[in-house]
Amino acid sequence: MPHAFVLIYSIVILAVLASYIIPAGQYDRFEDSEGREIVDQASFTYVEQDPVALTQIFTVVPEGMVDAAGIIFLIFIIGGAFGMINGTGAIEAGINKMVSLLKDKEIVLIPLTMLIFSFGGATFGMAESTLIFIPMGVILARSLGMDAMTGMSMVALGAAAGFAGGFMNIFTVGVAQEIAELPLFSGMGFRIIVQLVFVAIAAFFVYRYGKRVQRDKRNSYVYDLEMKAESESGGYDFKELTGRHIAVLLIIFAGLALIIYGVVQGWSTGTELAAIFLAMGIFSGLVGGNTPNGIADDFIKGAKDVTFGALIVGLARCILLVLEDGTIIDTVIFAVSSVLEGLPSTIAAIGMFLTQFIINFFIPSGSGQAATTIPLMAPIGDIVGIPRQSVVLAFQMGDGLSNYLFPTSAVLMAGLSIANIPYEKWLRFVWPLMLVWIIASGFFMALSIMIGYGPF
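Residues numbered from 1 in each chain as written. Predicted model: local features only at pLDDT ≥ 70, side-chain atom pairs only at ≥ 80, totals over all residues. Heavy atoms only, no water.

The protein chain goes by Ion transporter superfamily protein YfcC in an unreviewed UniProt entry, where it is assigned to Salinicoccus halitifaciens. In its Subcellular location (unreviewed entry) section, the UniProt record describing the protein chain reads: "Cell membrane". (UniProt positions renumbered as here; feature names shortened; annotations may be inferred.)

## What about helix H20 (residues 423-450)?
Every α-helical turn comprises 3.6 residues, leaving residues that sit three or four positions apart pointing alike. For H20, spanning 28 residues, the distance from its first C-alpha to its last is 38 Å, which sits close to the expected 40 Å at 1.5 Å a residue. Directly beyond the C-terminal end of H20, a positive phi value near 60 degrees is found at Gly452. (Helix = DSSP H or I, 4+ residues; strand = E, 2+ residues; numbered from the N terminus. Expected span 1.5 Å × (residues − 1).)

## A few points about unusual backbone geometry
The backbone of Phe185 sits at a positive phi, close to 65 degrees, despite the residue not being glycine. Among the structural elements, Phe185 can be located in the loop between helix H8 (170-179) and helix H9 (188-215). We classify Phe185 as buried; its relative accessible area is 1%. Phi at Asn420 is positive, roughly 65 degrees, even though this residue is not glycine. Following the sequence through the fold, Asn420 ends up in the loop between helix H19 (410-419) and H20. (Buried < 20%, exposed > 50% of the residue type's maximum accessible area, 1.4 Å probe, protein only.)

## Quick word on the nonpolar core
The biggest cluster of nonpolar side chains holds 152 residues, and the ones touching the most others in it are Leu157, Phe198, Ile421, Trp426 and Trp437. Setting aside its immediate chain neighbours within four residues, Leu157 contacts Met114, Met152, Val206, Tyr404, Trp426, Phe429, Val430, Leu433 and Trp437. (Core = buried A, V, L, I, M, F, W, Y, C linked by side-chain atoms within 4.5 Å. Contact = heavy atoms within 4.5 Å.)

## A look at the pattern of salt bridges
In this structure the tally under the stated criterion is six salt bridges. Across the salt bridge formed by Glu178 and Arg317, the nearest N and O atoms sit 3.5 Å from each other. Of this pair, Glu178 sits in helix H8 while Arg317 sits in helix H14 (residues 307-325), placing them 139 residues apart in sequence. The class for Arg317 is buried, based on a relative accessible area of 8%. As a salt-bridge pair, Asp216 and Arg218 come within 3.2 Å of each other at their nearest N and O atoms. Residue classification places Arg218 among the exposed residues on the basis of a relative accessible area of 62%. Counted as one network, the salt bridges with shared partners bring together Asp67, Glu178 and Arg317. (Salt bridge = Lys/Arg side-chain N within 4 Å of Asp/Glu carboxyl O.)

## Brief notes about empty space enclosed by the protein
Summed over the entire model, instances satisfying the criterion amount to two cavities of 30 Å³ or more. By volume, the second largest cavity is sized at about 40 Å³. Lining the second largest cavity are Ala316, Ile319, Leu320, Leu323, Ala371, Thr372, Pro375 and Leu376. Of all the secondary structure elements, the ones that give two or more residues to the lining of the second largest cavity are H14 and helix H17 (366-384). A breakdown of the residues in the lining of the second largest cavity according to their chemical character gives seven nonpolar, one polar and no charged. (1 Å grid on protein atoms, 1.4 Å probe; cavity = no way out; pocket = protein on both sides within 12 Å on 5 of 7 lines; lining within 4 Å. Points joined across faces, edges and corners; volume = space filled by probe spheres on them. Nonpolar A, V, L, I, M, F, W, Y, C, P; charged D, E, K, R; others polar.)

## Notes on the packing of aromatic side chains
Per the counting criterion, the structure on display carries 17 aromatic pairs. Pairing Tyr27 with Phe44 gives two aromatic rings, centres 5.2 Å apart and planes at 55 degrees, and the pair type is tilted. In this pair, Tyr27 sits in the loop between strand E1 (25-26) and strand E2 (29-31) while Phe44 sits in the loop between strand E3 (37-39) and strand E4 (45-46), placing the two residues 17 residues apart along the sequence. Taken individually, Tyr27 and Phe44 each receive the classification buried, so the pair is uniform in this respect. Seen in terms of ring centroids, Phe44 and Tyr46 are 5.0 Å apart; in terms of plane orientation they differ by 85 degrees. Their pairing is edge-to-face. What makes Phe44 buried here is its relative accessible area of 14%. (Phe/Tyr/Trp six-rings, centres within 6.5 Å; stacked < 30°, edge-to-face > 60°.)

## Some remarks on a nonpolar patch on the surface
Taken together, the side chains of Leu14, Leu17, Tyr20, Ile21 and Leu54 make up a nonpolar region of the molecular surface, amounting to roughly 530 Å² of accessible area. In this structure, Tyr20 sits in the loop between helix H1 (4-18) and E1. (Patch = residues over 30% accessible without salt bridge, like charges linked within 9 Å, V, L, I, M, F, W, Y side chains within 5 Å. Areas by Shrake-Rupley, 256 points an atom, 1.4 Å probe, with all protein chains shown as cover.)

## Notes on the environment of Phe76
Relative to the elements of secondary structure, Phe76 occurs in helix H3 (residues 69-86). As for Phe76 and Arg317, which are separated by 241 residues in sequence, their C-alpha atoms are 17 Å apart. The residues contacting Phe76, other than those within four sequence positions of it, are Phe299, Ala303, Val306, Thr307 and Ala310.

## A look at a negative patch on the surface
Among the surface-exposed residues, Glu48, Asp50, Glu63, Glu324 and Asp325 lie close enough to one another that they form a single negatively charged patch. You can see Glu324 is positioned in helix H14. By relative accessible area, Glu324 is classed as partly exposed at 43%. (Lys, Arg positive; Asp, Glu negative; His and termini not counted. Charge placed at Lys NZ, Arg CZ, Asp CG, Glu CD.)

Given below as structure tokens:
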């Protein structure tokens, strides 16, 4: 597969060329009572062709970065804040303490571990950072008489469930809602329900598999790996949870509670959110015992870790700018909506989720996929009667779940490499869960249409 930057830039070039081929067209737009720009579905007309200059293949890149600057720097700030928090070791120590206390209580340990990682996925967009916990999960699962597949799943699938629910994930839901002109993190209540249901489904699936392996190791999908590792098994060095770590965790919980309060009060920009995360990071670093220079280094490291996702937002914005400048974006919307318009809105919404699920094979970056697809999906939703919150829901579930199915996901392949699990065996293990998750996603899409999913 080509690099995501190569793929998106190729789409930019195709969009420039398409402005010479696709007929130009326009919808009339108006502002609704909440200030969002809405497409008048009955107003589409063809207009005079106005293709963009070929030189815009190059000039549109800095234009896209400037146009998306607000969300790009929000991602950098929150990534840096998480770097400062992670630099204290509090999150790792807290999780390690929890699993050591519940080591022989797998009926509680597996769901609780997955729930904790799901909140990491739903708030900090925990994806790459799960990799440091996979060795711990594998060793813990083996100490319970289970296997590496169970250990990998406790960490990765827990984070995946939270990432798909994403009630406060700035890297996916935040980007998508900003583009769809929705209040930041609005509709949080429904997404929390989605997350908890996904976690419950995954926990039941992983627990049942782990108990089957516990009864007979030959039931393991990685039996050969377990036999090889049995003679090399050893304990895991659980880091001690200190008073400083506890204080840092309290700061994190307080910051997240303040963010939830702000969302309920109607905060509509990322300024307050970025400020709270920045304060969380600085205070966590100081309370955690880091020096000012160490905190600054952790901020840079955290910001560097999200550079890919931040820059891909700006690059993907270039596609929208080209389609707008060539006056063909409305023609594309008209063509797609014409196909969906004859379908019941519930079926169209489920189709939108499946489309996002498949697109993630080609654009495995959540923020990049949001910036690429939401500019088209939001107005299509307006035309066919799908609330914009449902459009964002279709994106977040389609992106979050498929990250742990498709081999184009760098996080999945890195995690499997760390756990020493072949991809084909992971696929054999995870596809039944993925099928249930897809069915549940279809149900939530249908439910969102039935209730007229809005900001609650």
